[in-house]
Amino acid sequence: MNLPSNTADRQIILPGRPEITVLLRPSRRASRLFLRISRLKGQVTLSLPLSCPMVQAKNFVLEKESWIRAHLADLPRVAQAGFDRQLPFAGRLLTIAPGAGRQVELSGDRLLVPGRESLVPARVKAFLKLQARLALQEAVDHYSERLGRPYGRLTLRDTTSRWGSCSTQGNLNFSWRLIMAPPEVLRYVAAHEVAHLEQMNHSADFWALVERLFPGHQAQRDWLKRHGEDLHRYQF
């Protein structure tokens, strides 16, 4: 295919409203042209064989333009944090409102954020991460004690492919967006990852252990499957 080294040339632009950028991803493993759209970021990617001519790639994208636009229109709408906008927290919707003082505070069904509106996204994100750490630390300590196994570090990240993970060294990683889910969903994910301290797999024994630590966990798994993607549409 001989793609140019310039990054801007490694893409195809579909003009229109909105303009769409299709990233090209040539691969030795690709045997055909394949389009992929990220539901979380709305990024359109075309995987293609190394030998594919650029003109063929462009024609393929043009043929699929209607399909691309239809799928992009079906994506969850992005929600920006700002005054008078709503945000899920611990399973309930809060309205972001101007606050006094220096700290973000909860007041009934409102999240009071001090300062000008341009600071709201960063301050709300910092608040969510702090609350997530407190809630996850408490849950992990609880299940770790029940299991009788210590863990290493507890790290928060903004992952899109998984809600939590456990390393072979016993370090636990979680998405801080879990604080937006109902508390029992957060606690299920904590129990799930703690169970990996004993069972580093997803065998029947592992799921039996999860059930022992968190009885009735299937309901929380189902909630994440149905609503988890929605937590990623909030931008900060």
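Note that the structure is predicted; figures quoted are calculated from it, not measured.

Chemist: Explain the packing of aromatic side chains residue by residue, including any values.
Modeler: Across all of its chains, the model carries 4 aromatic pairs by this definition. Ring centres of Phe89 and Phe127 lie 5.6 Å apart, and the angle between their planes is 40°; on these two criteria the pair is classed as tilted. One end of the pair, Phe89, is in strand S6 (residues 86–89); the other, Phe127, is in helix H3 (residues 120–147), with 38 residues separating them in the sequence. On the basis of relative accessible area, Phe89 is assigned to the buried category, the value being 7%. Judged by its relative accessible area of 9%, Phe127 is buried. The positively charged end of Arg221 is found above the aromatic ring belonging to Trp207, 4.1 Å away from the centroid. Cation over ring: Arg233 sits above Tyr234, and NZ or CZ is 4.8 Å from the ring centre.

Chemist: For the nonpolar core, give the residues involved together with the corresponding values.
Modeler: Of all hydrophobic cores here, the largest spans 49 residues; its most connected members are Leu128 and Phe174. By residue number, the principal contributor to this core is H3, which donates 10 residues. Beyond its immediate stretch of four places on either side in the chain, Leu128 contacts Leu87, Phe89, Trp176, Ile179, Met180 and Phe236. Membership of the second largest hydrophobic core comes to 17 residues, among which are Val44, Leu48, Ala57 and Ile68.

Chemist: Mind laying out the sheet that holds strand S4 (residues 44–49), listing which residues take part and the relevant values?
Modeler: Strands sit in the order S1-S2-S4-S3 across an open sheet of 4 strands; the sheet is mixed. The open sheet is flanked by strand S1 (11–14) and strand S3 (34–37), the only strands paired with a single partner. Each neighbouring strand pair of the sheet contributes to a mean axis angle of 25°, computed without reference to strand direction. Strand direction decides the pairing type here: strand S2 (residues 20–27) and S4, joined by 6 bridges, are parallel. Residue Arg25 lies in a different strand from S4, and its bridge partner there is Ser47.

Chemist: Break down the sheet that holds strand S11 (residues 164–166) for me, with residues and values.
Modeler: Taken together, 3 strands build an open sheet; the order of strands is S10-S12-S11 and the sheet is mixed. Single-partner strands in this sheet number two, and they are strand S10 (154–157) and S11. Here the average twist between neighbouring strands, direction ignored, is 15°. Here S10 runs beside strand S12 (residues 172–175); their pairing, made up of 4 bridges, is parallel. Each bridged residue has a counterpart across the sheet, and for Arg157 the counterpart in S12 is Ser175. Each of S10 and S12 touches H3; the most contacted strand, S10, lies at about 145° to it. Running at roughly 155° to S12, helix H4 (residues 183–195) makes contact with S11 and S12 of the sheet.

Chemist: For the confidence of the model for the protein chain, give the residues involved together with the corresponding values.
Modeler: Any residue range with low pLDDT should be treated as having predicted coordinates unsuitable for detailed reading. Taken as a whole, the protein chain shows an average pLDDT of 93; of its residues, 96% reach a score of 70 or greater. In this model, residues 4–8 is a region of pLDDT below 50 whose contacts with residues beyond four sequence positions or in other chains number 3 contacts.

Chemist: How would you sum up the pairing of S4? Please name residues and give values.
Modeler: S4 sits mainly inside the fold: 6 of its 6 residues count as buried. Along S4, one buried face is formed by Val44, Leu46 and Leu48 and the opposite face, lined by Thr45, Ser47 and Pro49, is buried too. Sheet topology note: the S3/S4 ladder contains 4 bridges and is antiparallel. What sits directly across from Ile37, in S4, is Val44.

Cut-offs applied
- Residues numbered from 1 in each chain as written.
- Predicted model: local features only at pLDDT ≥ 70, side-chain atom pairs only at ≥ 80, totals over all residues.
- Heavy atoms only, no water.
- Phe/Tyr/Trp six-rings, centres within 6.5 Å; stacked < 30°, edge-to-face > 60°.
- Helix = DSSP H or I, 4+ residues; strand = E, 2+ residues; numbered from the N terminus.
- Buried < 20%, exposed > 50% of the residue type's maximum accessible area, 1.4 Å probe, protein only.
- Lys NZ or Arg CZ within 6 Å of the ring centre and 35° of its normal.
- Core = buried A, V, L, I, M, F, W, Y, C linked by side-chain atoms within 4.5 Å.
- Contact = heavy atoms within 4.5 Å.
- Pairing = 2+ DSSP bridges.
- Axes fitted to C-alpha atoms, helices over the stretch in contact; angles between N-to-C directions.
- pLDDT = per-residue confidence, 0-100.

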